[in-house]
Amino acid sequence: MSAHIVPKKTYITVWATLMILTVVTAVVSRIDLGDLSAIVALAIASCKALLVVLFFMGVKYINQRMTIVVIVAGIFWLAILMVLSMADYGTRLWS
Amino acid sequence: MSHSPTVAPHNPALQHHFADMEQQQEASMMGMWVFLITEIMFFGGMFLAYMVYRYMYYAAFVAGSRAMDFWYGTINTIVLICSSLTMALAVRASQVGQRKALVVLLIVTMLFGCAFMGIKAIEYTGHWRDHQFPGANFHFDGPDPQHTEIFFSLYWAMTGFHALHMLIGIVVVGFIAFYAWRGRYGPDYHNPVENVGLYWHFVDIVWIYLYPLLYLISHKHTG
Amino acid sequence: MTPAGDLVQADTYNKLFTMHGQVMVFFFLIPAVPAVLGNFLIPIMIGAKDLAFPRINLLSWYLYIICGCFMIYTILTGGADTGWTFYTPLSTSFLNTHVVTAAVAIFIAGFSSILTGLNFIVTVHRMRAPGMTWSRLPLFVWANYATSIIQVLGTPVLAITLALVALERLFHFGIFDPQKGGDPLLFQHLFWFYSHPAVYIMILPGMGVVSEIVACFSRKRVFGYSFMTLALIAIAVFGFLVWAHHMFVAGISLYAGLAFSLLSYIVAVPSAIKVFNWTATMYKGSISYSTPMLYAFGFIGLFTMGGLTGLFVAALGLDVHVTDTYFVIAHFHYIMVGGMVMAYIGGLHFWWPKISGRMYPEGWGRLAALIIFIGFNLTFFPQFVLGYLGMPRRYWQYSPEYQVLNVLSTAGSTILAVGYVLPMIYFLWSMRYGKVADENPWGAAGLEWMTASPPPTFNFDETPEVTWEAYNYGEQKEVPVEP
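Basis of the calculations
- Residues numbered from 1 in each chain as written.
- Chains lettered and ligands numbered in written order.
- Predicted model: local features only at pLDDT ≥ 70, side-chain atom pairs only at ≥ 80, totals over all residues.
- Helix = DSSP H or I, 4+ residues; strand = E, 2+ residues; numbered from the N terminus.
- Rg over C-alpha atoms; globule rule 2.2 N^0.38 Å.
- Contact = placed C-beta atoms within 7 Å.
- Nonpolar A, V, L, I, M, F, W, Y, C, P; charged D, E, K, R; others polar.
- Axes fitted to C-alpha atoms, helices over the stretch in contact; angles between N-to-C directions.
- Parallel < 35°, antiparallel > 145°, perpendicular 65-115°, else oblique.
- Left-handed = near helix turned anticlockwise from the far one by under 90°.
- Expected span 1.5 Å × (residues − 1).
- Buried ≥ 20, exposed ≤ 12 C-beta atoms within 10 Å, placed from the backbone.
- Arc of directions from axis to C-beta.
- Domains from an automatic or database assignment.
- Core = buried A, V, L, I, M, F, W, Y, C linked by C-beta atoms within 7 Å.
- pLDDT = per-residue confidence, 0-100.

### Quick look at the overall build of chain B
- A count of helices and strands for chain B gives six helices and zero strands.
- Over its C-alpha trace chain B gives a radius of gyration of 22 Å, far above what one expects of a compact globule, namely 17 Å for 223 residues.
- For chain B, the spread of C-alpha atoms along the principal axes amounts to about 75 × 35 × 30 Å.
- Sequence separation of at least 24 residues holds for 77% of the intrachain contacts in chain B that already meet a minimum separation of 6.

Here you go:
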C-alpha cells in the first residue's frame, strides 16, 4: 500500500489541538449553558474524534473510498439506533 | 501448489491465498475497519442506554456526575491522548523502518495505557469504598438516589468494557512490540502495527466521548 | 396433544420453547447457509483461492464449537425459561434458571457470526478474480454479502444487550429493572434492534440459494438481475428500521408505532420484487423438476405466504389481536421453515455433488421434498387458524376448543420429521455408494461448476479470468485462464 508518511510535526500539532480541546471542554462544562451544554460537549468531543480519525488513524491520507464508506456506515447505523429509539421515548408523552 | 506457473520472489510475509502484498494489505486494513464498526455498535448500545436515562433522569445524572473525580477523569483523558500520539508515531516509525524508535514508542504507549488502568483502579476502589457500586450496598445522598444508581450502573458498565478493551490493547501492543524488537516490521510490511494502531485510537475515541458524558455533566460554579 | 398439559409441566414447557427458539435461531438458522455453503462456495464463485482471512474463519468455527458446548451444558443442566427473547425484568430479576450461561453461549455465537460476516465482506470486495465485476457476481454471493452487512452491524448490539443482562443478573445493576427506575422497553429496543435484522440474516442466504437453483433448472438467467441485487441491499438496510414492530403492544408511543408500521410495510416490497423475479425467471424457461427445484418451489410459495402474513401483523390494529398468539408463530415458521430450511436443504442437494463428489439418489430426494412440504403445511397451517381464534403462545395449557387443530399440527410434525430424516440417511449413504459426480452434473452456470467435484485445495488449478455475465445459460463458454 502506498502509505503517505505523515510528518511528525503534523502528529504533534494534532496532539496539541486535542489537549487544548480537552481543556476547553473541561472549562466550558463549568459554565451554565442550560440545555446547550450537552450539545456543546458532544460537539467538542466529536471534533476531537474527527482529528483522531483523520490524522492519527490516517483516514485523511488513504485513497480507498470503501474505507470511508465503511466508517460512515458505522456512524450512520449508530444514528439509526439512537434516533429511532429516541423517537419512541421522545413521543411517549404526546398523547 | 496452485500458484501461477512461475513463482516470483515475494515478501516472506505474503500469505499465499493473496495475489500480492498490496491485496493483502488492503484486505487487512479493510478487515480492521469493519471490525471497528462492530465495536462502534457494541459501545453504541450502552450510549443509547445512557442517552435514554439521562433524558429521563437528568437530575440524578447530574448528581452522579458530580460525584466523579474530575481530576482523575481529566488526567486519564490526557494520558490517552498522549498514548495516541506515541501510537501514531510508532506506526510512522514502522513505515520508515526505524526499528528502535518503533519499539520504544510502542513500549511508551503501553506505559501510558498502564497509567490509565492504574488511575482507573484508584477510581474504582474509591467508588467501591463510597458505596457507589450498584446492588445491595449502594448508597447515595442526592436528590434522586434511586436513579443515580442507574447512572452508576452505566458508569461501571461503560468504563468497565472500555477498560477491558484497553487491557486487551495493552497486551496486543506488547506482542507487537516484541515482534518489532525481533525485526519483523519494516517499510515492506507493517500492517499489524497499523491495525493495532487503529484499534488503539478507537479505544481512545470511546474515552473521548465517555469523559464529558460521565465526568462533566454539570460542574457549574453554583454546584 | 391434550389441552391440560399432560406431557410436561409449566416450567418444563417454558424451558422447551426457550431452548427450541434459542438453538434454532442462534445455532441453526443464522450460521447454516453462511457456514455450511457460504464458506465453501463464496471463494469458488468469485474465483478466489480462499477467503480473505482463513484463520479468522477457523476461529469463527472454533467459537461456534465452544458456544455449542455452552449451550449443550445449559440444556443438560436445566436450561433457561425466559423465552428466546430474554425479556426483562423476568430474565434479570425473577428467574433462577441458567440465563447467564445461555446468554454467554449466544454472545460467543454472535462473535462467530460477526467474524464470518467480516470475512465475507472483505473477501467479496478484495478477492474477486480478474473480470469478476460486481455485476457478474452470482446472486448467492450478493445475498451472503448483504447478510454479512447485517451480521456486522447488528450482532454487536445483541452482544452488549446480553452482556448487560448478565451484569444485571450477577451484580443487580438495575438498568432494566422497573423497581430501580429502569425501563424494560429499553431492553426490548436493544434486543430487537438486532433480532429483527437477524431474521433477514436467516432468510437472505436462502434467497441467494433459490436464485441459483431457479436459474439452473429454468435454464435461464435470473430475471431482473440488478433489481435482485438492489432488493437484497434494500432488505439489509431497511431491515434495520423496523424493529419496534415487535413492541407494538409493549408500551411504545403510538407515533413510534405508526412509524414502525409504515416502515414494516416498506420492507416487504423488496422481498416481493424477488418473488416476482423468480417467477419471471421461470416463465418460458425450460423447467426440470429436480429435487433442488422442488425445494425452490416450496420456498417461493411458502415464503410468500409467510411474508404476506407478516403484513397482517405489521398492521397496528390487527396486531393487537394476533400478537403473542399462534398466528405469529405460524407466520415466522412459514418463513423460517417453509422458506429458509427448505432453501437450505435445497442448496445442500444442489451443491452436494460439488461438495462430496457424489450424487444423492434423485428419487428419494424428490420423495423427501414432497414429504417435507406436506408435513410442513399440516403442521403450521392450522396454527394460523389457532392464532386467529385466539390461542396464545408460550402457554403450557390451552382451551379445549383448540384441541383438534393442535392434534392435527402435531400429526403433521411427525410427517415433517420423516421428511427431515430421509435426506440425512441418503446423504450419508451417497458418500460411499452414490454415483460419482463430474464437474457439472446439472449443466449449471457459475465458476463453481468449472472446477472438479470436490474442488482442489486452492479451488482452481489456474486462476480463472471471467469474460462472461452471470447466468449465461444457452451460451457457449470457454474458461479462459491467466497466462
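### Some words on the interface of chain B and chain C
- Facing the 31 residues of chain B at the interface are 37 residues of chain C.
- Secondary structure elements with two or more residues in the side of chain B that touches chain C: helix 1 (21-56) and helix 5 (145-181) of chain B.
- The biggest single contributor to the side of chain B that touches chain C is helix 1 of chain B, with 17 residues.
- For the side of chain B that touches chain C, the residue count by class is 17 nonpolar, 12 polar and two charged.

### A look at the packing of helix 2 (residues 58-66) of chain B against helix 5 of chain B
Residues and elements named next belong to chain B.
- Two elements in contact, helix 2 and helix 5, have axes separated by 8 Å at closest approach and are oriented at 60°. One way to sum up the angle between helix 2 and helix 5 is to call them oblique. Read as a crossing pair, helix 2 and helix 5 show a hand that is right-handed. Residues A60, F61, A63 and G64 of helix 2 form the contact with helix 5, whose participating residues are H147, T148, F151 and F152.

### Regarding the environment of C:S113
Residue and element names in this part refer to chain C.
- Tracing the sequence through the fold places S113 in helix 5 (residues 99-126).
- Residues S113 and P156 lie 43 residues apart in sequence; the distance between their C-alpha atoms is 9.9 Å.
- Ignoring any residue separated from it by four or fewer positions in sequence, one finds S113 in contact with I30, P31, Q151 and T155.

### Quick notes on helix 2 (residues 36-56) of chain A
- The end-to-end C-alpha separation of helix 2 of chain A is 29 Å, in line with the 30 Å expected for 21 residues at 1.5 Å each.
- All of the buried residues along helix 2 of chain A are A:S37, A:A41, A:I44, A:A45, A:K48, A:A49, A:L51, A:V52, A:F55 and A:F56. All buried residues of helix 2 of chain A fall inside an arc of 160° around its axis, so they share one side. In helix 2 of chain A, the exposed residues that point more than 90 degrees away from the buried face are A:L36, A:I39, A:A43 and A:L50.
- Contact partners of the buried residues in helix 2 of chain A: helix 1 (8-28) of chain A together with helix 3 (70-96) and helix 6 (191-215) of chain B.
- With its phi angle positive at about 75°, A:G58 sits one or two positions after the end of helix 2 of chain A.

### Quick look at the interface of chain B and chain A
- Listed as interface residues are 36 residues of chain B and, on the opposing side, 37 residues of chain A.
- Taken together, the elements giving at least two residues each to the side of chain B that touches chain A come down to helix 1, helix 3 and helix 6 of chain B.
- Tallying contributions element by element places helix 1 of chain B first for the side of chain B that touches chain A, with 14 residues.
- Among the residues forming the side of chain B that touches chain A, the class breakdown is 22 nonpolar, nine polar and five charged.

### Examining the domain arrangement of chain C
Residues and elements named next belong to chain C.
- Taken as a whole, chain C is organised into domain 1 (10-286 + 437-470) and domain 2 (289-356 + 360-434).
- If you average the C-alpha positions of domain 1 and of domain 2, the two centres end up 19 Å apart.
- On the side of domain 2, 32 residues touch domain 1, which itself brings 35 residues to the contact.
- Secondary structure elements with two or more residues in the side of domain 1 that touches domain 2: helix 1 (10-29), helix 2 (32-46), helix 7 (184-218) and helix 9 (254-282).
- A per-element tally of the side of domain 1 that touches domain 2 places helix 7 first, with nine residues.

### Here's the deal with the nonpolar core
- Counting residues in hydrophobic clusters, the biggest one holds 251 residues, and the most contacted among them are B:L106, B:L154, C:I46 and C:A146.
- With 22 residues, the top contributor of residues to this core is helix 7 of chain C.
- Those residues in contact with B:L106 that lie beyond four places of it in its chain are B:A90, B:V173, B:I176, B:A177 and B:A180.

### So, unusual backbone geometry
All names here are of chain C.
- Backbone torsion omega between T88 and P89 reads -5°, so that peptide bond is classified as cis.
- Checked against the element boundaries, P89 lands in the loop between helix 3 (54-76) and helix 4 (90-94).
- Cis geometry marks the peptide bond from S453 to P454; its omega dihedral reads -15°.
- One non-glycine residue, R394, lies in the positive phi region at around 65°.
- Looking at where R394 falls in the secondary structure, it is placed in the loop between helix 13 (362-389) and helix 14 (403-433).
- Looking at R394, the number of C-beta atoms within 10 Å reads 14, which means it is partly exposed.
- If you check the backbone angles, N459 has positive phi at about 75° while not being a glycine.

### A closer look at the confidence of the model for chain C
Residue and element names in this part refer to chain C.
- Here chain C shows a mean pLDDT of 93. Residues at 70 or above account for 98%.
- Ranking the helices and strands of chain C by mean pLDDT puts helix 8 (residues 225-238) first, with 97, and helix 4 last, with 88.
- Considering only residues more than four positions removed or in separate chains, one finds that residues 476-483, a stretch of pLDDT under 50, has 15 contacts.
- On the interface metric, ipTM, the complex scores 0.93, and its pTM is 0.94.

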